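One-letter residues, chain by chain:
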Amino acid sequence: TNTTALALTAESGGGEYKGTAYYLNNVKATLNGEDLKDANIEYKVGDGEWTKEAPSATNVSDSLKNNISVRVSLEGYQTVTINDLSIEVTPKAVTVKANDASKMYGENDPKFTATVTGTLNEDKIEYKVTRPGAGTDEAVKTYEDAIIAAGDKEQGNYTVTYEPGDFEIKAQSIDPSDPSYLN
């Protein structure tokens, strides 16, 4: 059996979550330095079966760490195997920014909202938006960073950063030509 002419290259793959699959990188068989187009390349994950189907990972939870093997076989040559390869998907950064808001003095707070940036497809981030100073911070003025967006930092394929918003309480204006303010 010829042990030197058959070679295999394969590198771990993966990257930041992108909504599509990652595979191993640069998987290639060569014979005497030339690409071997009809090589029998097989893959195995952990203690699974050898298969021609290349493993992949799309979501952070699909990551395969140091448990992928690749082998190439060719009749008359010694099989070449590479072990301990990975496909690791890392979380994508997302920001949830509480939107600035305001109200007239003496009114109820409006419904608070936030803007989410960085998600892919229709992915949703779970969060709540509140004003912790409601009921106590009620003077006419702007309260910086008073509206808080909060939730889990790690959410599936995302690492979430939260940013606060400002809240303004505006003075009531009285129109002397409108007698309804006396009621």
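Now for a quick tour of the structure.

## Digging into the nonpolar core
Moving on, step 1. Judged by nonpolar contacts, the single largest core of 37 residues is most densely connected at Leu24, Ile41, Val70, Val72, Val129, Ile147 and Phe167.
Moving on, step 2. When neighbours within four sequence positions are excluded, Val70 is seen to be in contact with Leu8, Ala10, Leu24, Val27, Ile41, Glu42, Tyr43, Trp50, Val80, Thr81, Ile82 and Leu85.

## Brief notes about the side chain of Lys92
Moving on, step 1. Mapped onto the secondary structure, Lys92 falls in strand S8 (residues 92-98).
Moving on, step 2. Of the side chains with opposite charge, Glu16 comes closest to the buried, unpaired Lys92, at an N-O distance of 4.6 Å.
Moving on, step 3. From its side chain, Lys92 meets the backbone oxygen of Gly118 in a polar contact 2.9 Å long.
Moving on, step 4. Once you skip the residues sitting within four places of it in the chain, Lys92 turns out to touch Glu16, Tyr17, Gly118, Leu120, Asn157, Tyr158 and Thr159.

## Some details on unusual backbone geometry
Moving on, step 1. A positive phi angle, near 55°, is found at Asn32, a position not held by glycine.
Moving on, step 2. Among the structural elements, Asn32 can be located in the loop between strand S3 (25-31) and strand S4 (34-35).
Moving on, step 3. One non-glycine residue, Asp145, adopts positive backbone phi at about 55°.
Moving on, step 4. Looking at the element boundaries, Asp145 is found in strand S12 (residues 141-150).
Moving on, step 5. Using a relative accessible area of 45% as the deciding quantity, one classes Asp145 as partly exposed.

Here is what the cut-offs are and how they apply
Residues numbered from 1 in each chain as written. Predicted model: local features only at pLDDT ≥ 70, side-chain atom pairs only at ≥ 80, totals over all residues. Heavy atoms only, no water. Core = buried A, V, L, I, M, F, W, Y, C linked by side-chain atoms within 4.5 Å. Buried < 20%, exposed > 50% of the residue type's maximum accessible area, 1.4 Å probe, protein only. Contact = heavy atoms within 4.5 Å. Helix = DSSP H or I, 4+ residues; strand = E, 2+ residues; numbered from the N terminus. Lys, Arg positive; Asp, Glu negative; His and termini not counted. Salt bridge = Lys/Arg side-chain N within 4 Å of Asp/Glu carboxyl O. Polar contact = N/O pair within 3.5 Å; in protein donor to acceptor, adjacent residues only side chain to side chain.

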